[in-house]
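Remarks on the overall topology
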Amino acid sequence: DDSRLALRLKLIEFVQVGIGEQITEAHVVKEAVAGLLVSIAKHEWPARWPRMVSELSALGTGKPLQLQVVFLMLTQLVADVCADGSVTLTESRRGELLTAMTAAMPEVLSLLTNAWTEQLRDLRTSTQGGRDTTVQTMLMQGVCMICKTQLIAR
């Protein structure tokens, strides 16, 4: 349990301070880190990582790269949990994660709303159409993720 917690904390710390614009192939790093966080979440959340969504929300208020990792992670988690015939999850674990996702939707919606508000503010003040189209794409994926979760949960 201590090594799992240490790994999770190191990944969160890396997202907070280690991912920067200067990283070559940043998209590969973001996807890899998001994949690792998904693997941890599928085993730890919600029982052993009850504050996952809160921690991800805190990360999502940082730089665009952190927000991208958060949305990549959440999108991958939803895709894995909502996939029919997922080979990595038992039906009971899939149900547990789906219930946790549904319960977490208000917090995820808040994160999405805050990110959209920031993007709209940037669009209004920028002559270049916003600061980061990748973040805008991630926000659209976030909306799709929420819709998919809610449809599967019904």
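Refer to the preceding data block for the structure.
Residues numbered from 1 in each chain as written. Predicted model: local features only at pLDDT ≥ 70, side-chain atom pairs only at ≥ 80, totals over all residues. Heavy atoms only, no water.

**Considering the environment of R8**
Under the convention used in this document: Each helix is a run of DSSP H or I of at least 4 residues and each strand a run of E of at least 2, with the numbering of both proceeding from the N terminus. The classification of residues rests on relative accessible area computed with a 1.4 Å probe and restricted to protein chains. Under 20% of the type maximum is buried, over 50% is exposed, and intermediate values are partly exposed. Any two residues having at least one pair of non-hydrogen atoms within 4.5 Å are treated as being in contact.
Residue position: R8 is located in helix 1 (residues 2-18). The class for R8 is buried, based on a relative accessible area of 7%. In the structure, R8 is positioned 41 residues away from W49 in sequence and 9.5 Å away in space, judged by C-alpha atoms. Apart from the residues within four sequence positions on either side, R8 is in contact with I40, E44, R48 and W49.

**What to know about helix 3 (residues 52-59)**
Put simply, the rule is: To obtain the arc, one takes the directions from the helix axis to the C-beta atoms.
Turning to helix 3, its buried residues number three or more, namely M52, V53, L56, S57 and L59. On an axial view of helix 3, the arc spanned by its buried residues comes to 155°, and they lie on one face.

**A closer look at the side chain of Q68**
Short version of the rule: For the purposes of these results, a polar contact is taken to be a pair of N or O atoms within 3.5 Å, where, inside protein, one atom must be able to donate a hydrogen and its partner to accept one; residues adjacent in sequence count only when each atom of the pair is a side-chain atom.
Mapped onto the secondary structure, Q68 falls in helix 4 (residues 64-82). With relative accessibility at 2%, the residue Q68 sits in the buried group. There is a polar contact of 2.2 Å between the side chain of Q68 and the side chain of K30.

**Concerning the packing of helix 3 against helix 4**
Put simply, the rule is: Here an axis means a line fitted to C-alpha atoms, over the contact stretch when the element is a helix, while the angle between two N-to-C directions is reported on a 0 to 180 degree scale. Residue classes follow a fixed rule: Ala, Val, Leu, Ile, Met, Phe, Trp, Tyr, Cys and Pro count as nonpolar, while Asp, Glu, Lys and Arg count as charged, and any other residue, Gly among them, counts as polar.
Packing of helix 3 against helix 4 brings their axes to within 8 Å, and their N-to-C directions diverge by 145°. For the pair helix 3 and helix 4, the contacting residues are M52, L56 and L59 in the first and Q66, L67, V70, M73, L74 and L77 in the second. For the contact of helix 3 with helix 4, the per-class residue count stands at eight nonpolar, one polar and no charged.

**Description of empty space enclosed by the protein**
In this approach, a probe sized like a water molecule rolls over the atoms, and the result shows the empty space that is left. Spelled out, the test is: Here the term cavity refers to a set of points on a 1 Å grid, laid over the protein atoms alone, in which a 1.4 Å probe fits but cannot get out; the term pocket refers to an open set having protein on both sides within 12 Å along at least five of seven lines, with lining residues being those that place an atom within 4 Å of a point. Grid points are joined across faces, edges and corners, and a volume is the space filled by probe spheres set on the points.
In the structure shown here, the tally under the stated rule is one cavity of 30 Å³ or more. Size it by volume and the largest cavity reaches roughly 70 Å³. Lining the largest cavity are 11 residues; nearest its centre among them are L74, V78, M101, M105 and V108. Among the secondary structure elements, those contributing two or more residues to the lining of the largest cavity are helix 3, helix 4 and helix 5 (91-125). In terms of residues, the lining of the largest cavity owes the most to one element, helix 5, which gives four residues.

**Focus on the pattern of salt bridges**
Counted only if it meets this: Basic side-chain nitrogens of Lys or Arg form a salt bridge, by our definition, when they fall within 4 Å of a carboxyl oxygen of Asp or Glu.
Counted according to the given criterion, the structure contains seven salt bridges. Between R8 and E44 there is a salt bridge whose closest N-O contact spans 3.8 Å. Here R8 is found in helix 1, whereas its partner E44 is found in helix 2 (residues 26-44), with 36 residues between them in sequence. For R94, the salt bridge is made with E91, and the minimal N-O distance between the two is 3.7 Å. On the criterion of helical spacing, the pair formed by R94 and E91 is a turn pair, its members being three residues apart in helix 5. Judged by relative accessible area, which is 12%, R94 ranks as buried. One network of salt bridges, in which partners are shared, links R4, R8, E44 and R48.

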